[in-house]
Every structure is written in structure tokens, then in C-alpha cells.
Amino acid sequence: MSYNHLITKHMNDFVSQGALSMLAKIRPGSIEELRGILKDLDQTFENNEKAIFPFRDIRSIHFARFVIVDKSFTEEATFRNLNEPFLMFSTNYDGSENDHLHEIVEVASDGMDQIFFHCYEYPNSPSKKDRFRFLKKIRATYGAFHVGAQGMSVARIQKEGKLREFIQDFIDQNSNTKGWSDVNDPQLIREDIKDQVRSSSEFNWSIESPDRVPIGWKLFRRTGWKSGIEMIVRLPLALVFWLMIRRKEKTDKIYPYTRYDQRAKDHTAREDKVVQNEMSLLVDIKKGFRRRFLLKTVFAGIETLARYVFTKGELGGIPTIHFARWVIVDEGRALMFMSNYGSSWESYLGDFIDKASKGLTGVWSNTVLYPRTRWLLWGGSKDEERFKCWARAQQVTTDVWYTAYSNLTVKNIIQNKQIREGLAAGRMSKQEATEWLKLF
């Protein structure tokens, strides 16, 4: 099914989302020229007609980024040059992977040619099939992946955001003239709102109830079922390794600084332009089979929980993450983390520390210079200042970042979904109507 066909049903269908990570090795001597192309794209893509990569025309994309990666953070608190620098092109998308790739090729072929020309194995004078095969070939598998608003397509998120604005304007303009404050009848107010929405050709679709979550999704959750099995298989040996690393934990090097450096200040200057932010991190994984085994076991646990437990806008109690993923790169030597979130960087890291410290530490304790841990899961991020300085130190500059709905947080999206569901619902009690009106 093509995305053009999918979008005709988007307002009511449950649409699964995926994470595509494409890793293309950069040709020697091409990094600076490629960086210049991406800098121009970063400055022009808001003007969709001039951009070589028209993100807004690729309607399946929620978020996307290009990141040139040529260094990794090491155990010596310095950066090592990668033997094979690479370009990371990542997207969060609706529908099937193949449909999404075909849409990229169809819409952004000129941009692909200009950008990936600087990467190994990109064909000369490529056809659409050649471009599609290239993107399939450079895919990298993620370790774990989280979706904040499961089942919500780009188009539905955007439309429900506009629906909320439409209703809010109606309330603001009519709260006095219709005498709502005098009658104090939330059911009547809701019916007036429904009548207004029903009469709008732009928004009358919202009166129809969205589809329920498909039973197949409830059972399998895309790759969630595989991760659950993998976690169970890995757990016995992981427990043995967990006991064995305790002595090593006590002597592992930790990040020596508790104050931000100039690079941290440079990253801060790029943030908070809209209500959303992005983060790309890259750090070396601690050496040894045991550490890699434990890391992949933790990934299997996070992936399972993200698919079956943390499905209502939160990951471990953190309500700000739109999408997040971990990807092992550089032939297994380094770990890359990419996140799209709806808060400030300080608040985001604070949420991890306060609400999901064990899960966070379970992952990053297997990477170099992470603050001192106990039994893999404890400590770590609780050394707050050191942890935040460590995170800033290994943050990679994202060359291009795109969001399809820059004015919305996860909380906004969930509330807009509840507003739409409340419109489509049958008769409400006075208490239910009152609670629904509180969403505005």
C-alpha cells in the first residue's frame, strides 16, 4: 500500500510507526563539502520549494535528521577519529518501511544524489530502483526504540492540532454570547461545540470515531514480541555476567569533570528554538563480550517494555519523548542515541534522573566514563552534575533536523487525541463533559 493511499484513511486508522537508521560511510576527503551541503539544507528546508531535500513533501516523516559522525568519545575523555566516518540519516515514519523508502526516493531524489554522492557505494547516474536499493543496503538495526504517541500518523497529529485550535477559537468567541457561564451546563456546551464542528467541512471528519487498536498490533507490537523472547533467552547468562561485573564496576574510569565546557555551551545555543529539541549522542562501548551482551539484554528489555507497557505517551514515567532509539555503530565499538523530545535539555535529563534512572543507567553503564554505578542499574545518573556533563561531552552536532509538528509536545498530542475522541463519543454525563472541557 502506498503512502498516498494510506493518507486517505489516516484520520481514523491506527498507523504503526517505525524508526529507520541509515548509515552511509563517507568517502575520504568529502566530509567538509558534505558538511557544507547539509548546512545549506539546514538553512533552507523551511522554504520547501528551495530545499534540495523537501522534508514536508515526504508525508510519512514525523522527525528526520542528518548527522556527520567522524569522532567518538573515548575512555580518556577525548575524541578518537573514526576509521570510517559515516553519515547517519534517520527518520521516524508512518506505515511500512518499503512504502516510506519509496516515498523518499520519489520526492527527494535530487537531494539524495547531492548528499549521498559523497558516500561509498552510491551509484553514478542512479535510477529510482538504484536509490531504493542503496537505502535498503545502508540500514542499521536499532537496539531499542520508543514511540510517544503510538498509532498516530503525522497527518492525524497535525489535523487534531488544528482541530483543537478551531474549537478553542469557537469557545473564546462564544463563551459570553451563548450564555454558557449562566447555564453552567457542560453537556450543552459540548453539544454546541459538536454542532460547530459537524458544520465545518474542514473538521467534520472528527465526529467519526477513530479505529480501535488492531488485535494483531496488541499481540505482536511490531518487533516487541521478538524482543520479549530475546530477553527471556538472554536472561540466565545475563544474570551471571551481572554478578561478574561488580568488581570491575568499582575500578572503571568515570568522567572527571563536573562543569560544562565550551562544546556544551555551543549545543545549548542551538536549542529551545521551538517547543521541541533533539539530541544525538555517541560514545564508545566498554570493551569485552560481557558488556556487549548485557547491553543487548537491556535493549531487549527496554524494547519489550516500550512496546507493551509504556504505550500512553511516557517512557518509564518520562512524558516528553516523541521518539527515541539506540543504535550500535562503528562495527560494534560505539553506541549512538537519537531522541526527539518536548522540553528543555536540562528538564529532559532531569526527568531521566528522577523517573527512569535505572533504565538509563542499565544502558549507559556499559559505555565509557559513565558515572560510578552499582550492580549495573544503581548510581550512575544519580551523580547528577557529572552525568549531565558526561552527556554534553559526548553529544554530537546534528547537521540537519526536521520536525513535522514543531509546536506540539507529547502531552499536547495526547490531549488533542482525547478531545477528538470526546467529540466522537456518545452521550456524556455531566461529570464526563466537565472533564472533557478541562482539556481546553
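Up top is the structure these notes are about.
Since the structure is predicted, the reported quantities are computational estimates derived from the model, not experimental observations.

Undergrad: Even after reading the chapter, I still don't get the overall build of the chain, so can you show me in this structure?
TA: A tally of regular secondary structure across the chain gives 18 helices and eleven strands. Whereas a compact globule of 440 residues would reach a radius of gyration of roughly 22 Å, the chain reaches 23 Å, a difference of no more than 12%. Taking the principal axes of the C-alpha coordinates as reference, the chain spans close to 70 × 55 × 45 Å. Burial analysis of the chain (440 residues in total) assigns 54% to the buried set. Contacts in the chain between residues far apart in sequence, at least 24 positions, make up 79% of those at least 6 positions apart. By element, 52% of the accessible surface of the chain is carried by carbon and sulfur atoms, the whole surface being about 20,300 Å². Taking the average place of the 66 positive charges on the side chains of the chain and the average place of its 56 negative ones, the gap between the two points comes to 7 Å.

Undergrad: Is there a simple way to think about empty space enclosed by the protein in this case?
TA: Any space left empty among the atoms is revealed by the rolling of a water-sized probe across them. A complete count under the given rule lists four cavities of 30 Å³ or more for this structure. Roughly 80 Å³ of volume is contained in the largest cavity. Met279, Leu281, Trp326, Phe337, Tyr348, Leu349, Phe352, Leu360, Trp364, Phe387, Trp390 and Ala391 are the residues that line the largest cavity. Mapped by element, the contributors of at least two residues to the lining of the largest cavity are strand E6 (277–284), helix H14 (345–355), helix H15 (357–364) and helix H16 (384–393).

Undergrad: What is the right way to read the pattern of salt bridges from this model?
TA: A side chain of one charge can pair with a side chain of the opposite charge when the charged atoms of the two come close. Evaluated as defined, the whole model comprises 34 salt bridges. The shortest N-O distance in the salt bridge between Asp252 and Lys286 comes to 3.0 Å. Pair noted here: Asp252 is in the loop between helix H11 (246–249) and helix H12 (262–270) and Lys286 is in the loop between E6 and helix H13 (289–308), with a separation of 34 residues, a long-range link. Summarising the burial analysis for this pair, Asp252 and Lys286 share the class buried. Across the pair Lys417 and Glu421 runs a salt bridge, and its minimum N-O distance is 3.1 Å. Here Lys417 and its partner Glu421 are both found in helix H17 (residues 410–424), four residues apart, which amounts to about one turn of the helix. We classify Lys417 as partly exposed; its relative accessible area is 26%. One network of salt bridges, in which partners are shared, links Glu32, Arg35, Asp70, Lys71 and Asp399.

Undergrad: Which parts of the structure should I look at to understand the packing of aromatic side chains?
TA: The geometry of an aromatic ring pair comes down to the distance between the two centres and the angle between the two planes. This structure, assessed with the given rule, holds 37 aromatic pairs. A ring pair is formed by Phe63 and Phe323, whose centres lie 5.9 Å apart and whose planes are at 65°; its orientation type is edge-to-face. Residue Phe63 is located in strand E2 (residues 61–73), and its partner Phe323 is located in strand E7 (residues 321–329); the two are separated by 260 residues in the primary sequence. The buried category is assigned to Phe63, whose relative accessible area is 2%. With a centroid separation of 5.5 Å and an interplanar angle of 70°, the aromatic rings of Trp364 and Trp390 are classed as edge-to-face.

Conventions we followed
Residues numbered from 1 in each chain as written. Predicted model: local features only at pLDDT ≥ 70, side-chain atom pairs only at ≥ 80, totals over all residues. Heavy atoms only, no water. Helix = DSSP H or I, 4+ residues; strand = E, 2+ residues; numbered from the N terminus. Rg over C-alpha atoms; globule rule 2.2 N^0.38 Å. Buried < 20%, exposed > 50% of the residue type's maximum accessible area, 1.4 Å probe, protein only. Contact = heavy atoms within 4.5 Å. Areas by Shrake-Rupley, 256 points an atom, 1.4 Å probe, with all protein chains shown as cover. Lys, Arg positive; Asp, Glu negative; His and termini not counted. Charge placed at Lys NZ, Arg CZ, Asp CG, Glu CD. 1 Å grid on protein atoms, 1.4 Å probe; cavity = no way out; pocket = protein on both sides within 12 Å on 5 of 7 lines; lining within 4 Å. Points joined across faces, edges and corners; volume = space filled by probe spheres on them. Salt bridge = Lys/Arg side-chain N within 4 Å of Asp/Glu carboxyl O. Phe/Tyr/Trp six-rings, centres within 6.5 Å; stacked < 30°, edge-to-face > 60°.

Interpretation note: all reported values are geometric properties and have no functional meaning in isolation.
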